[in-house]
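# Structural description and commentary
So the chains spell out like this:
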Amino acid sequence: MDDKDLLELFREEGKENYAFNLIVDKYGERLYWHIRKLVASHEDANDLLQETFIKAWSALPRFREESRLYTWLYRIATNETLTFIKKAKLKAMFSLSDHSRQLENQLEADPYFNGDNTQMAFHKAILRLPHKQRAVFNMRYFDEMSYEDISEVSGTSVGALKASYHHAYQKIQEYLKETI
Amino acid sequence: MKKKINIEDPHLKENPFTVPQGYFNEMKNNVAERISVTTGAQKTGIITILRPQAALISAFALIFFIGYAAFTIFTPRVSESEITVLSADNQFIEEGFLKTTFIDFFDIEAETQTEEIHTLPSDEVISYISENIDIITLTSLE
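These notes cover the structure that comes with them.

Conventions used here
- Residues numbered from 1 in each chain as written.
- Chains lettered and ligands numbered in written order.
- Predicted model: local features only at pLDDT ≥ 70, side-chain atom pairs only at ≥ 80, totals over all residues.
- Helix = DSSP H or I, 4+ residues; strand = E, 2+ residues; numbered from the N terminus.
- Buried ≥ 20, exposed ≤ 12 C-beta atoms within 10 Å, placed from the backbone.
- Contact = placed C-beta atoms within 7 Å.
- Nonpolar A, V, L, I, M, F, W, Y, C, P; charged D, E, K, R; others polar.
- Core = buried A, V, L, I, M, F, W, Y, C linked by C-beta atoms within 7 Å.

### Quick notes on the overall build of chain B
- Of regular secondary structure, chain B possesses 6 helices and 0 strands.
- In chain B, the order of α-helices and β-strands from amino to carboxyl end is α-α-α-α-α-α.
- Put simply, chain B has 142 residues, and 3% of those count as buried.

So, in structure tokens, the structure goes:
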């Protein structure tokens, strides 16, 4: 079922829950991986994904289809995750610790990370990026989204996104050159 | 020798993260459960939300009325004529107070007048008394 049909079904009296469950079924996994690569921890990703869907559920009746359903969901998930990261950074600052370092330690100790050393270094490099840049890099690199779609999600111009991705790419490459 | 890594290597695009077994089904159930709870809450709506506040307001109102009733019942009533007398007395006291305070303590003119009276020459006083008071009155003063 495509997004248009899902939204029509959602607007039918008494079919909201069923339609929304179909949306969760269609986009849940994709959004989970998007969040997971930003926060590294499975527990945090799970909480954030559920919050994303709860917010989407309460906002969907007001969704005017000015953007596509999938970019709209991505937008909610990204905003929710970036707010979470900002709070975590602030918390780390007050406890005089480095948030990026915390994330790296979390990744090293994560029982749900099965990558090899190269992948570990690569994901550590991604976790070192500023959080907005990390989101842009992940959407482009892993999700292979077009700059136009990323622009719809982030509300940033295509030009700025291209520059951001390029900077992120350079930083990751430098980090990998130094560590491996 | 350092190994050169190309970011475009497809191996790096692979997902190294995993999830606990059956996680996605569990997540869907959790979301569905949370949504049905939210729907239930939305249906009961404003009444459910405002119920505790309404109860608190009613409790305060009840306490206030009980207190007010007790005060009105147990306070002795004062008749209208008593009230008029009281208010007249109050007015008298108030006027007296105003006079004593403002005239006695702050009226500088009155103070200077008194001083002038005290400084009258004694022979003038004697002549005034002899002209205006008869002998009988004078003897009664002795």
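### Digging into the interface of chain B and chain A
- The partner chain A presents 30 residues to the 22 residues of chain B that form the contact.
- Listing elements by their share of the side of chain B that touches chain A, those giving two or more residues are helix H1 (10-13) and helix H2 (23-74) of chain B.
- Of the residues forming the side of chain B that touches chain A, the biggest block, 11 residues, is contributed by H2 of chain B.
- Of the residues assigned to the side of chain B that touches chain A, the class counts are 11 nonpolar, 6 polar and 5 charged.

### What about the nonpolar core?
- Of all hydrophobic cores here, the largest spans 44 residues; its most connected members are Leu31, Ile35, Val39, Leu49, Leu73 and Ile126 of chain A.
- Elements represented by at least two residues in this core include exactly helix H2 (16-39), helix H3 (42-59), helix H4 (69-94), helix H6 (117-127), helix H7 (131-141), helix H8 (147-154) and helix H9 (158-179) of chain A together with H2 of chain B.
- Among the elements that line this core, the one with the most residues is H2 of chain A, at 9 residues.
- If we skip the residues at most four places from it in the chain, valine 39 of chain A touches Asp44, Ala45, Leu48, Thr81, Phe84 and Ile85 of chain A.

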